[in-house]
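Breakdown of the fold
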Amino acid sequence: MPEQTLMEQLAAVLNVEIISPMEGNEAQGLHKALPGYQAIVDDAARFVQEHGEALHLAPSVLANLVEGLAEVKRLEPADRALEKLQQSVYHQRLRATDRCMEGLYDTTRRIRDFSEAYPELAEKGKFLLDFMKVFKPGRKKEKSGVGESKG
């Protein structure tokens, strides 16, 4: 049996499926939840069960109400847990990125500080200096005399 991916393992633990992402137009075509809709679905289901025939409603309408709400209630705990987990993992990654960036800044600063005394360090660290120059350029030097008025 092939080894499950982490995502497959997590889906199994949470009892959810892994489905393909929806296309934008598919997601836009879905009915948006109205505030408090879950509280009224049970009453609506009873109403449809009692009066669905008089209203000429297909049996699928009752199934949509009953099965849809059951599916929503089944998925909500996993959705909440994954949202909290995703935020936690995201914040951990932000902290790890911060540590990497701090190391890059410290190293770049030291290369610049010691470049006159040890020119070979600046040469060997040129890749880092060039990278930082592109993405983190130094302060723009103000041109003297521009916009100054002589008194």
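Everything below is about the structure printed above this text.
This write-up is about the structure you can find in this document. (Residues numbered from 1 in each chain as written. Predicted model: local features only at pLDDT ≥ 70, side-chain atom pairs only at ≥ 80, totals over all residues. Heavy atoms only, no water.)

**Focus on the environment of Tyr-37**
Within the secondary structure, Tyr-37 sits in helix H3 (residues 37-51). Judged by its relative accessible area of 30%, Tyr-37 is partly exposed. (Helix = DSSP H or I, 4+ residues; strand = E, 2+ residues; numbered from the N terminus. Buried < 20%, exposed > 50% of the residue type's maximum accessible area, 1.4 Å probe, protein only.)

**Considerations on the nonpolar core**
With five residues, the main nonpolar core is built from Ile-111, Ala-122, Leu-128, Leu-129 and Met-132. Of the residues forming this core, the biggest block, three residues, is contributed by helix H6 (residues 126-135). Apart from the residues lying within four places of it in its own chain, the contact partners of Leu-128 are Leu-104, Thr-107, Thr-108 and Ile-111. (Core = buried A, V, L, I, M, F, W, Y, C linked by side-chain atoms within 4.5 Å. Contact = heavy atoms within 4.5 Å.)

**Notes on the packing of aromatic side chains**
Evaluated as defined, the whole model comprises two aromatic pairs. Between the aromatic rings of Phe-114 and Tyr-118, the centroid separation amounts to 6.4 Å while the plane-to-plane angle is 45 degrees, which identifies the pairing as tilted. On the accessibility criterion, Tyr-118 (41% relative accessible area) is partly exposed. Centre to centre, the rings of Phe-131 and Phe-135 are 4.9 Å apart; their planes meet at 45 degrees, and the pair counts as tilted. In this pair, Phe-131 and Phe-135 both sit in helix H6, four residues apart, roughly one turn of the helix. On the basis of relative accessible area, Phe-131 is assigned to the partly exposed category, the value being 38%. In this structure Phe-135 comes out as exposed when scored by relative accessible area, which is 61%. (Phe/Tyr/Trp six-rings, centres within 6.5 Å; stacked < 30°, edge-to-face > 60°.)

**Quick notes on unusual backbone geometry**
Phi at Asn-15 is positive, roughly 60 degrees, even though this residue is not glycine. Residue placement: Asn-15 occurs in the loop between helix H1 (6-14) and helix H2 (24-28). The phi dihedral of His-56 is positive, around 55 degrees, even though this residue is not glycine. With respect to the element layout, His-56 can be found in the loop between H3 and helix H4 (59-114). On the basis of relative accessibility, which here comes to 72%, the residue His-56 falls in the exposed class.

**Side note on H6**
Buried residues of H6: Leu-128, Leu-129 and Met-132, and no others. For H6, the angular spread of buried residues about the axis comes to 100 degrees, placing them on one side. Facing away from the buried side of H6 by over 90 degrees, the exposed positions are Phe-127, Lys-133 and Val-134. As for H6, its buried residues are in contact with H4 and helix H5 (119-124). (Arc of directions from axis to C-beta.)

**Regarding the packing of H4 against H6**
Close contact between H4 and H6 brings their axes to 10 Å; oriented N to C, the two are set at 115 degrees. Relative to H6, the element H4 lies roughly perpendicular. As for the relative orientation of H4 and H6, their crossing is left-handed in sense. Contacts between H4 and H6 pair Leu-104, Tyr-105, Thr-107, Thr-108, Ile-111 and Arg-112 from the former with Leu-128, Leu-129 and Met-132 from the latter. Residues of the contact of H4 with H6, tallied by class, amount to six nonpolar, two polar and one charged. (Axes fitted to C-alpha atoms, helices over the stretch in contact; angles between N-to-C directions. Parallel < 35°, antiparallel > 145°, perpendicular 65-115°, else oblique. Left-handed = near helix turned anticlockwise from the far one by under 90°. Nonpolar A, V, L, I, M, F, W, Y, C, P; charged D, E, K, R; others polar.)

Function cannot be inferred from these measures alone, as they are strictly geometric.
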